[in-house]
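# Close look at the chain arrangement
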Amino acid sequence: MILKFHGGAQEVGRSSILLKDERSIMMDFGVKLDGKTEYPIDVPKVDAFILSHAHLDHSGYAPALYEMSHVPTFGTKPTLELSTLLLEDSLSIARKEHFKPPFHRRQLNLLRNSFVDLNYHKPVKFGKFDIELHDAGHISGSAITLIERANAKENRRIVYTGDFKLEPQTLHRGAEIVKSDVLITEATYAGREHPERNKEIARLIDEVEEVLDRGGNALIPVFAVGRAQEMLAILYQNGLAGSTYVDGMAREATKIVARNPRFIDNSSILSKAIEEAEFVQARERPSVLKGPSIILTTAGMLQGGPVLNYISRLNSNSRIFITGYQAEDTNGRSLVENGHINTEDGKVRIGTPVSVYDFSAHAGNTDLLRYVRGSAPNTVICVHSDEECAKAFVEEIRGEGFDAFAPKVGETIKLDG
Ligand SMILES: [Zn+2]
Ligand SMILES: [Zn+2]
């Protein structure tokens with residue numbers, strides 16, 4: 001059996017891992033979205049596809065796997081619905097901006113028609129494999145994949161974490177720790193820890209309330225999937241959902257998450273938050289800015305979407321709240337570091353003050369280690385992490401006696417048994 005890394009190894013983005021035994025199973029097939037878009041190194045023929053969760057760095061190039069044939073595809077129901085939303089959006093961006101779409105609608109339809117939606121803890125047979133999904137605690141429907149090889153003498157249990165968070169979020173329980181022989185783990189935050197979540201929430205709420213008291217607009221750019229719902233739930237719990245406006249793709253994503261309540265914790269918080277908040281249509285945007293308001297809108301890294309419509313129209317008592325990671329060469333990064341963004345009209349200076357928070361949906365270093373220890377594998381393979389962090393993490397876990405690797409893109413690891 002071999003594992004080949006078509007992307008997402010010693011880098012964050014375009015996650016793509018091929019498990020090749022008698023049959024080939026691709027786990028995730030994403031894009032890397034920095035300033036430009038990068039794809040997995042090639043598009044192999046596969047017998048099955050497993051999608052860990054909807055984010056485009058895992059799903060963004062998946063339709064390319066569907067040529068003529070039917071490829072059985074496994075994931076949860078919210079993963080299918082949310083990734084369809086994001087992939088449809090990729091197609092419409094390509095159409096609007098007149099560039100060649102990365103895949104055809106026909107391929108996206110094939111993907112959707114091949115989808116077998118799985119609940120957590122409900123294994124399905126695929127040849128000699130048993131495939132079982134577990135809650136990854138990252139976003140709605142996110143899964144840790146267990147592939148069990150019934151006849152193998154060694155390395156029976158292959159576990160791929162996808163993106164995960166051990167610590168609970170408002171809408172998610174922490175990830176489940178799944179026992180493994182081979183653990184392929186994300187390590188985005190290797191070497192780093194997140195601040196205490198409750199303190200981040202208290203600081204955010206204080207600052208948002210201050211903006212509202214002054215009659216300003218609290219603009220919170222968010223990813224449509226995950227962060228938007230988490231922020232809305234936090235605002236609701238602090239009595240602020242009534243002042244909140246949800247715009248852009250966050251609207252549809254929030255509806256999808258809400259109609260799959262079994263894939264979130266505290267689903268009643270989200271449904272009550274939706275009742276209190278207002279979902280904004282394009283024509284209503286000017287009125288949102290007239291009074292004090294909280295605006296939750298896409299895109300999370302300010303690379304398009306209604307956030308660009310709002311950002312230059314905020315009144316002088318306003319503030320921008322960055323709640324997550326901003327990739328290099330994105331408007332979000334440039335706003336935080338240099339106070340400007342790039343639009344169709346060129347560089348635009350943003351005078352509104354900016355606050356930065358960490359509401360990450362990934363495990364920090366302590367929790368990554370906790371996962372490895374709990375999963376108790378023989379071999380650890382570290383992905384979804386930049387080169388430096390991946391190598392340092394591998395050293396750290398080797399120090400605890402595990403066999404560990406941080407493969408590069410294109411590399412193959414042979415596993416016996
Ligand atoms: Zn993710
Ligand atoms: Zn990811």
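Residues numbered from 1 in each chain as written. Chains lettered and ligands numbered in written order. Predicted model: local features only at pLDDT ≥ 70, side-chain atom pairs only at ≥ 80, totals over all residues. Heavy atoms only, no water.

### Some thoughts on the nonpolar core
The following threshold applies: To qualify as a nonpolar core, a set must consist of buried Ala, Val, Leu, Ile, Met, Phe, Trp, Tyr and Cys residues joined through side-chain atoms within 4.5 Å. Throughout this description, buried means an accessible area under 20% of the type-specific maximum (1.4 Å probe, protein chains only), exposed means over 50%, and partly exposed covers the range between. Only DSSP runs of H or I reaching four residues or more are called helices, and only runs of E reaching two or more are called strands; each is numbered from the N terminus. Where each domain starts and ends follows an automatic or database-derived domain assignment. Residue contacts are counted whenever heavy atoms from the two residues lie within 4.5 Å of one another.
Counting 61 residues, the largest nonpolar core has F49, L204, V208, I294, L296 and F321 as the members making the most contacts within it. Broken down by secondary-structure element, the contributors of at least two residues to this core are α2 (77-96), α3 (105-114), α4 (197-213), β14 (217-221), α5 (227-237), α6 (249-258), α7 (267-276) and β17 (293-297). Both domains that furnish three or more residues to this core are identified here as domain 1 (2-192 + 361-414) and domain 2 (197-356). Filtering out sequence-adjacent residues up to four positions away, I294 remains in contact with V208, L212, A218, I220, L235, L240, S243, T244 and Y245.

### Side note on the coordination of the zinc ion (ligand 2)
As a reminder of what qualifies: Here the coordinating atoms are restricted to nitrogen, oxygen and sulfur within 2.8 Å of the metal centre, or 3.2 Å for Na, K and Ca, and because water is not among them the sites may look incomplete. Tetrahedral means four donors with every angle between 85 and 135 degrees, whereas square planar (four donors) and octahedral (six donors) require angles over 155 degrees between opposite donors and between 65 and 115 for all others; sites fitting neither are termed irregular.
Around the zinc ion (ligand 2), the protein contributes the donor atoms D57 (OD), H58 (NE2), D163 (OD) and H384 (NE2), at 2.1 to 2.2 Å from the metal centre. Around the zinc ion (ligand 2) sit four donor atoms, and with donor-metal-donor angles ranging over 91 to 158 degrees the site reads as irregular. Summarised as a motif, the one-chain spacing of the donors to the zinc ion (ligand 2) is D-H-x104-D-x220-H. The zinc ion (ligand 1) is placed at 3.5 Å from the zinc ion (ligand 2), the two being bridged by D163. Of this pair, H58 sits in helix α1 (residues 56-59) while H384 is found in the loop between β22 (379-383) and α12 (387-399), placing the two residues 326 residues apart along the sequence. Judged by relative accessible area, H384 falls into the buried class, the value being 2%.

### Re the sheet that holds β14
Counted only if it meets this: Each pair of strands is called paired provided DSSP finds at least two bridges between the two strands. Between N-to-C directions, angles cover 0 to 180 degrees, with each direction set by a line fitted to C-alpha atoms, over the stretch in contact for helices.
On the basis of which strands lie adjacent, the open sheet formed by six strands has the order β16-β15-β17-β14-β18-β21 and parallel pairing. Two strands bound the open sheet, and with one partner strand each, they are β16 (278-279) and β21 (354-356). Two elements, β14 and β17, share five bridges in a ladder whose sense is parallel. Of the residues in β17, the one forming a bridge with N217 is S293. Sheet strands touched by α5: β14, β15 (244-247) and β17. Its angle to β17, the strand with the most contacts, is close to 160 degrees.

### Structural notes on the domain arrangement of the protein
Here is the rule we go by: Buried area adds together the accessible area that both of two parts lose upon being put together, with accessible area traced by a 1.4 Å probe. What makes a salt bridge here is a side-chain nitrogen of Lys or Arg within 4 Å of a carboxyl oxygen of Asp or Glu, nothing more. Within 3.5 Å is the distance limit for a polar contact, defined as a pair of N or O atoms, with the added protein rule that one can donate a hydrogen and the other accept it, and that residues adjacent in sequence qualify only through two side-chain atoms.
Annotation of the protein at the domain level lists domain 1 (2-192 + 361-414) and domain 2 (197-356). Relative placement of domain 1 and domain 2: their C-alpha centres are 28 Å apart. Taken together, the contact pairs 28 residues of domain 1 with 28 residues of domain 2. Taking both partners together, domain 1 and domain 2 bury about 2400 Å²; carbon and sulfur atoms supply 60% of that area. On the domain 1 side of the contact with domain 2, L85, T170 and L171 bury the most area, a combined 30% of that side's loss. Where domain 1 touches domain 2, the interface holds two salt bridges. R259 is paired through a salt bridge with E81; the nearest N and O atoms lie 3.3 Å apart. Scanning the region where domain 1 abuts domain 2 turns up ten residue pairs in polar contact (both at pLDDT 80 or more). Element by element, the count of residues in the side of domain 1 that touches domain 2 is highest for α2, at seven residues.

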